[in-house]
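Fold and contact review
Read off the chains here:
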Amino acid sequence: MFINNQSKLRKISSILFVAALTTGFTACDKDDDDDPTPTTKSSSGITMSFKTTGGDESEFIISKENIMEGEISAEGTGIEQTGWRFYYPVGKTLFASGYSEDNQCAGYASNANGQIEKKGEFIFDNALEMFGKSDDEETLLAMEIPRAGFGDKKLFFIDVNTVQVKRIVGTKIFQSTSDSLVAWPSALQVRGDKLFVPFHKLDANGYFTTPRADTAFVAVYNYPNVGEQPEKIITDTRTSNIGVNGATSGMIEADNGDIYSFSCGAEMAGFAPASTKPSGILRINNGSTEFDPNYFFNVEEATNGGKIFWFEYLENGKAIARILTHDNGGAWAAFGRDVFNQKLVILDLEAQTVTDVTNVPLHAKRYSSPVLVEDGKVYVSVETASEAHVYQVDIATATGTKGAKINGKTIKGFYKL
Amino acid sequence: MLRTFFQPNKFLYLILLPFIIVSCINGFGQNRNRVTISGKVVDKKNNPIPGLSIYIKGLNKGDVSNANGQYKIENIISDTAFHLTISGIGYQTQSKEVKPGGSTDLTVNFEMKKGQYNLSEFNVVGKSNAEELRETGYNVNVLETKELKNLSTDINQVLQTTSGVNIRQAGGLGSGFKLSLNGLSGNQVRYFIDGIPMESFGSSLSLNNYPVNLIDNIEVYKGVVPISLGADALGGAINITSAYRKKSFLDVGYTVGSFNTHRGSINGQYANKEKGYFARVTSFINYSDNNFKMYDVPLYDLELGNYEGDIDVRRKHSEYSSGMVKAEVGLFDKKFADRISLSFTKSLNRKNYQHPDNNIKRVFGHFHSRNNTTLLSATYEKRFGKLAITAYALGGQIIEEVIDTSSYKYNWAGESIRRDEDDQRGELYDRRSWLEITDKVFRSSAQAVYTIDQNHELAASYSQNYTTRSGTDYVDEFSTSFQSPSYINKTILGGSYTYKPNSKRWEVSVFAKEYLYNGNIVTTDSQDEEVEENIDLSNTGYGFTSRYFAGEHFQFKASFERALRLPESHEILGDGIYVNPNPQLLPENSYNGNLGLRFRTSIAENWDFRSDLNTFIRSSNDFIRFRPMGPFGQYENISNVRSTGIEGGFEIRYNSFASLNANATYQNITDQTKKDEGLENVNYNSKIPNVPYFFANARFGIKPFHKETDGNLSFYWSTRYVHEFFLTWENLGSAESKHVIPSQLTHDLEAEYSLKDGKYNFSLSVNNLTNNIVYDNFRIQKPGRAIYFKIRYLLQ
């Protein structure tokens, strides 16, 4: 996704060791046999995936009791990661999956002494860039997505307790060699005996152009016996391709089993060409495998609305979302730190209303890991042009409270392990 | 494209014009005789005195008396009388007036009287070239390879032992490496061979497989680089030199050793002094299985990728082979040239990779790379009285292939499975590929040095480096890397002025460099339209060097340069795919300062002691880094780094019986970037991660039974220490979880036996005597204990 698979020169540089242009993605963790298992001080409190500033922007898994006051840093604490990682929680296990040459995924959980430690690891060939989980939270789903050409995408089934890969299924999701189109999945949503995989249709050249941006596509598979082909592909032309590059929450499931998907279509979110359809939310009702034709939450045209860049389910039919207040920042600008036009909102999925979260400034956020909801509150990390802070959002009242200062670049996610 | 390259450069004409005029007046049309002056230097008891300088002021010619007290100064052209002066530590300086008569050679002998060292007669000419260079104002280490030619060493292994230099290798013979000089590394350090830039010469010519038998000296310029080495050297320059000799010789060596290593080298020349021509061949051949043992490497299941534990295993698929032949023919001592030559170089290599250089979790069974380099060059040197001119031109083609075509997947246990039909993956890349990148280079340079008189000297230099790169992938139809043609042309102009007073006690030199840079890339955008990117920039660098002799024993030096590294082609022009162009990209720049102290003394005519101490600062800005924006991105000037440090070394010799030398380097390299994309950088002033900051070397040699001719036996013990350092920021993360590159201490032992005054030589080396597990990089192991045996034949 982000920095991987650039020009071959960069790959050659890293392998031939001749030019030192890229920051070095590195070798593996210390092994359990040789050294004491690395832990953080305590798992009570909130665990966070923390990224520091400068140079290689190293990442650490840290824990802290009070994240609303003072400062958060990795000074002398935290489990050191070997590079940029995706973080995905399943129940009380946190998976950290690497990128580029850091081709390893590890699972972390709290041990008998209440300390976070590594439970297991496995390696993969191509970076795992999309994640999901089974209903019973015993299986992590992860998918390798090679970007160019017509090869298989590999879906991994990982046992959450042992952190062992049980099975790998290869599937193309969708492809058309005549039109030179391949699928880029934007969620892995399991519900009952079905797996829903929304996707973008991308040019097979691997340049992330979206020639079919004006329709929402979802591939529907059987679960857990995921086959090489989906049962069917459902479409909806009211809005654009579902999901955004790098976000795992193209689809979310509400308490009542309804599935909601978001579509963005903005140039700033990487769509080229941008979609002409409004950005909004579709629904697949509980028990159905088709889009609900009577439901379309047109977020773009709603009061306080705009193009949705990310969302996550909270509780009681509410979701938290980031909305782009405009789409004039340029291609992929929502992934950078030059344009700060994302605002935090609470969506009422049933009432179809958008409520701005108070006290949270406009910011830029390129990647978030799934959110932690606790006692009617949710935590986010908000980075503006010059500051990074934790914010606590009260779901019912959509009020934000500024919390601790982040002595670093960002916190990718908050977890309770 | 060519039109832009060949455009006449006005600057060039302005600078060279005065020299051209002067040379016309001085050089041609006069019939002059060349004579040789030789003789013997003895003391009152008629014992020969070696090591004294005999020189001719104003003509810049001289010699040093050899072990038999003899000296010879050749090629003296003079109509008028001149002074022949002899001086050296512990003896009274003498000067004799010499009147050359016609074309007869002269003999002038000296009988020396002991006396106080007279500074006013101090003169650099006549010393060995290496010592001369060490005494200049540059912070320079000159490594003489004479003592090392019986051992099987590469240039990198020698560079590794000098202060300020740290080389990190990813394996055995031929493996990838990263050399850092006072904290600056990679393409911030430039390499030269006899003054010709080695940039892009290909992996087969890189210094990790280039034997020391083929060269004489290695000059390491730290932070401040003379204008004669025309390149954008931000951190410094390394120049490997072969002394130009006008006699025939032959040096053939062969090494066999651990890991099925076989290495050979030939360095031979036929020179005909009467007719003034020579033919030279240098060649090397290398092979190694590199199958050293790896300890505790992780084993993962081939089907699913689950971790199964660590194993110890001998490497496979790590073979390296390379070969080079360079043939040179030329003329010397002609009217139109002191030396002119033409040479042709061909080199090849093949490198099998067991794993990527920075990751041992991924294992290969077939992945490899190949290089094929062809170079043609011409050099020219001529001295016209006070003006000396040197020039070279070089053209070449360098092809580098990376082959990732296997459908198999491997692990450390040597197991493999075949991937599915639908799996397009190679061993490293997500699509199988066979990428061939071709660079075509053309370089030229002209240097002029004009000695106005014994106090003033002017120099000018012009260097140009044109590179065009193109690529093809024979297997991956979706790869368009380097299919967009691009070229970069760098031109560097330099000028310097040097002053030294009559006493020659001190010397100051100031210089300026102008960097001119133009380039072009043509790509196609997503609408299949052609897009052209052009750049045309200029930048200025400047600096000074100075030195001062305080008394007989001490020398002080200070030097400074504002140095630059011009952006690489893909950094500024993009690559037409994932890297966007950034025409606003500035060169990386650095303010480099050095302060040095040298000390030397002899005690009781048996002990010789030398030492040097240097402190340095490299205040660097605008380091170019890739800033991603989703899957795309561009290179920007992102970070600032400051490196300060101290390095020092000493050498003690007891006659020719024993020697000890040691050095140590401490460098504090910190992140000086205040903000990271607008946010306060919490690691401001912290030590930059993943860079070693303290290392030391020592070498002890002993020649227990010293004989003049037959049967010389020597033993050497070398040791190297690198202090531990961390993969990420030192103060972040819990202590147990930190990834550390542990401290390294390795020892090597060597024994050498020479017969017939160095004609036949045998040596046995044991490297990494204690079989330590050695890492230069996190978890990337290097070979354990290794034994090598070498025979060498030297005819001179």
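A quick note: this is a predicted structure, and the numbers were derived from the prediction, not measured. (Residues numbered from 1 in each chain as written. Chains lettered and ligands numbered in written order. Predicted model: local features only at pLDDT ≥ 70, side-chain atom pairs only at ≥ 80, totals over all residues. Heavy atoms only, no water.)

**Topic: the overall build of chain A**
Secondary structure assignment for chain A yields one helix and 30 strands. Here chain A holds 417 residues, and the buried ones make up 67% of them. Taking contacts inside chain A between residues at least 6 apart in sequence as the whole, the part at least 24 apart equals 55%. If you sum the accessible surface of chain A, you get close to 12,700 Å²; carbon and sulfur atoms cover 45% of it. (Helix = DSSP H or I, 4+ residues; strand = E, 2+ residues; numbered from the N terminus. Buried < 20%, exposed > 50% of the residue type's maximum accessible area, 1.4 Å probe, protein only. Contact = heavy atoms within 4.5 Å. Areas by Shrake-Rupley, 256 points an atom, 1.4 Å probe, with all protein chains shown as cover.)

**A short note on the UniProt feature "domain: TonB-dependent receptor plug" (unreviewed entry) in chain B**
Per the UniProt record, "domain: TonB-dependent receptor plug" (unreviewed entry) is found at residues 133–237 of chain B. Between the C-alpha atoms that bound residues 133–237 of chain B there is a distance of 14 Å. The span itself is 7% helix and 30% strand. (UniProt positions renumbered as here; feature names shortened; annotations may be inferred.)

**Remarks on the packing of aromatic side chains**
The description of two aromatic rings rests on the distance between their centres and on the angle between their planes. Inspection of every chain in the model, using the stated rule, returns 49 aromatic pairs over all chains. Look at F259(B) and F292(B): their rings are 5.9 Å apart centre to centre, the planes differ by 65 degrees, and that puts the pair in the edge-to-face class. With F259(B) in the loop between β17 (249–257) and β18 (261–272) and F292(B) in the loop between β19 (277–288) and β20 (293–300), the pair connects residues that are 33 residues apart, well separated along the chain. Summarising the burial analysis for this pair, F259(B) and F292(B) share the class buried. When the ring of Y760(B) is compared with that of Y793(B), the centres are 5.6 Å apart and the planes differ by 50 degrees; the resulting orientation is tilted. Of this pair, Y760(B) sits in strand β46 (residues 760–767) while Y793(B) sits in strand β49 (residues 786–795), and the two are 33 residues apart along the sequence. Residue Y760(B) is classed as partly exposed on the basis of its relative accessible area, which comes to 35%. Members of the aromatic cluster, joined through ring pairs, are W184(A), Y207(A), F208(A), F309(A), W332(A), F335(A), Y578(B) and F632(B). Stacked on the ring of Y578(B), the Lys or Arg R147(A) has its end atom at 5.7 Å from the ring centre. (Phe/Tyr/Trp six-rings, centres within 6.5 Å; stacked < 30°, edge-to-face > 60°. Lys NZ or Arg CZ within 6 Å of the ring centre and 35° of its normal.)

**Some details on the sheet that holds strand β1 (residues 46–51) of chain A**
All names here are of chain A. Here four strands make up an open sheet; going across it, the order is β4-β2-β1-β30 and the pairing antiparallel. If you trace the sheet from one side to the other, it starts and ends with β4 (79–80) and β30 (410–415), each paired once. As defined by bridge partners, β1 adjoins β30 across five bridges and the pair is classed as antiparallel. Looking at β30, one finds that T47 is bridged to Y415. (Pairing = 2+ DSSP bridges.)

**Remarks on the environment of N637(B)**
All names here are of chain B. Within the secondary structure, N637 is located in strand β37 (residues 632–654). In this view, N637 contacts Q584, L585, L586, P587, D622, F623 and I624; residues no more than four positions away in its chain are not counted. Of the polar contacts made by the side chain of N637, one reaches the backbone oxygen of L586; its length is 2.9 Å. At 2.9 Å, the side chain of N637 forms a polar contact with the backbone oxygen of D622. (Polar contact = N/O pair within 3.5 Å; in protein donor to acceptor, adjacent residues only side chain to side chain.)

**A short note on the sheet that holds strand β28 (residues 388–394) of chain A**
Residues and elements named next belong to chain A. The strand order across the open sheet formed by five strands is β3-β29-β28-β27-β26, and the pairing between neighbours is mixed. This sheet does not close on itself; its edge strands, each paired only once, are β3 (71–72) and β26 (373–374). Of the pairings in the sheet, the one linking β26 to strand β27 (residues 377–383) comprises two bridges and is antiparallel in character. Residue pairing across strands places E374 opposite K377, the latter belonging to β27.

**Examining the pairing of β28(A)**
Residues and elements named next belong to chain A. The element β28 is extensively covered by neighbouring structure, given that seven of its seven residues are classed as buried. Two strands pair when backbone bridges link them, and β27 and β28 are joined in this way by seven bridges, in the antiparallel orientation. Residue pairing for β28: V380 is matched across the bridge by Y391. Following β27, the chain reverses through four residues before pairing antiparallel with β28. Both β28 and strand β29 (residues 399–406) contribute to a ladder of five bridges, which runs antiparallel. If you follow Y391 over to β29, its bridge partner there is K402.

**Overview of the domain arrangement of chain B**
Once the domains are mapped, chain B shows domain 1 (32–126) and domain 2 (326–354 + 361–795). Using only C-alpha atoms to locate each centre, domain 1 of chain B and domain 2 of chain B end up separated by 40 Å. (Domains from an automatic or database assignment.)

**Here we look at the pairing of strand β20 (residues 259–263) of chain A**
Residues and elements named next belong to chain A. Summarising burial for β20: five of the five residues are buried, a large majority. In β20, alternate side chains face the same way, and those of I259, S261 and S263 on one face and Y260 and F262 on the other are all buried. Inspection of the sheet shows strand β19 (residues 251–253) paired to β20 by three bridges, in the antiparallel sense. For M251, the partnering residue across the bridge sits in β20 and is S261. Linkage of β19 to β20, two consecutive antiparallel strands, is achieved through a turn of five residues, within which G257 is found at a positive phi near 90 degrees.

**So, the interface of chain A and chain B**
Across the boundary between the two partners, chain A contributes 95 residues, which contact 87 residues of chain B. Both sides of the chain A and chain B interface together cover about 8,000 Å² of buried area, and 53% of this is carbon and sulfur. Taken together, chain A and chain B are joined by 12 salt bridges. At the surface where chain A touches chain B, the tally comes to 35 residue pairs in polar contact (both at pLDDT 80 or more). If you list the elements that add at least two residues to the side of chain A that touches chain B, you get α1 (8–16), β4, β8 (116–123), β11 (153–159) and β12 (164–171) of chain A. (Buried area = accessible area lost by both parts, 1.4 Å probe. Salt bridge = Lys/Arg side-chain N within 4 Å of Asp/Glu carboxyl O.)

**Let's talk about a nonpolar patch on the surface**
Residues and elements named next belong to chain B. A cluster of nonpolar residues, I452, L458, Y497, W506, V508, V510, F544, Y548, F554 and F556, forms a patch on the protein surface that exposes about 790 Å² of accessible area. Taken together, the elements giving at least two residues each to the nonpolar patch come down to β31 (506–524), β32 (530–550) and β33 (554–565). With three residues, β31 is the largest single contributor of residues to the nonpolar patch. On the secondary structure map, F554 appears in strand β33. (Patch = residues over 30% accessible without salt bridge, like charges linked within 9 Å, V, L, I, M, F, W, Y side chains within 5 Å.)

**Quick notes on the side chain of N539(B)**
If you trace the backbone, N539(B) turns up in strand β32. Dropping the residues within four chain positions of it, N539(B) is found in contact with K513(B), E514(B), Y515(B), L564(B), L566(B) and P587(B).

**Re the pattern of salt bridges**
Two side chains that carry opposite charge are able to pair once their charged atoms sit near each other. All names here are of chain A. This model, assessed by the stated rule, comprises 70 salt bridges over all chains. Between D125 and K154 there is a salt bridge, with its nearest N and O atoms 3.8 Å apart. Taken as a pair, D125 in the loop between β8 and β9 (128–133) and K154 in strand β11 lie far apart in primary sequence, 29 residues in all. A residue is classified by how much of its surface remains accessible, and K154, at 15% relative accessible area, is buried.

**Side note on the environment of L595(B)**
All names here are of chain B. Here L595 lies in strand β35 (residues 588–603). Each C-alpha atom of the pair L595 and S611 lies 14 Å from the other, and the pair is 16 residues apart in sequence. The residues touching L595, leaving out its near neighbours within four places in the chain, are K557, A558, L613, N614 and T615.

**Remarks on the confidence of the model for chain B**
Residues and elements named next belong to chain B. Looking at chain B as a whole, the pLDDT averages 89, with 92% of positions reaching at least 70. When the criterion is pLDDT under 50, residues 1–16 qualifies, and its contacts beyond four places in sequence or with other chains add up to 15 contacts. Per-residue pLDDT stays below 50 along residues 117–126; that stretch engages in 38 contacts with residues further than four places along the chain or on separate chains. (pLDDT = per-residue confidence, 0-100.)

**A look at unusual backbone geometry**
Residue and element names in this part refer to chain A. Residue Y223 is joined to P224 through a cis peptide bond whose omega torsion reads 5 degrees. On the secondary structure map, P224 appears in the loop between β17 (216–222) and β18 (232–236). For the bond from A272 to P273, the omega torsion is 0 degrees, close enough to zero to count as cis. Of note, P273 is situated in the loop between β20 and β21 (280–284). Even without being glycine, Q352 reaches a positive phi, approximately 55 degrees.

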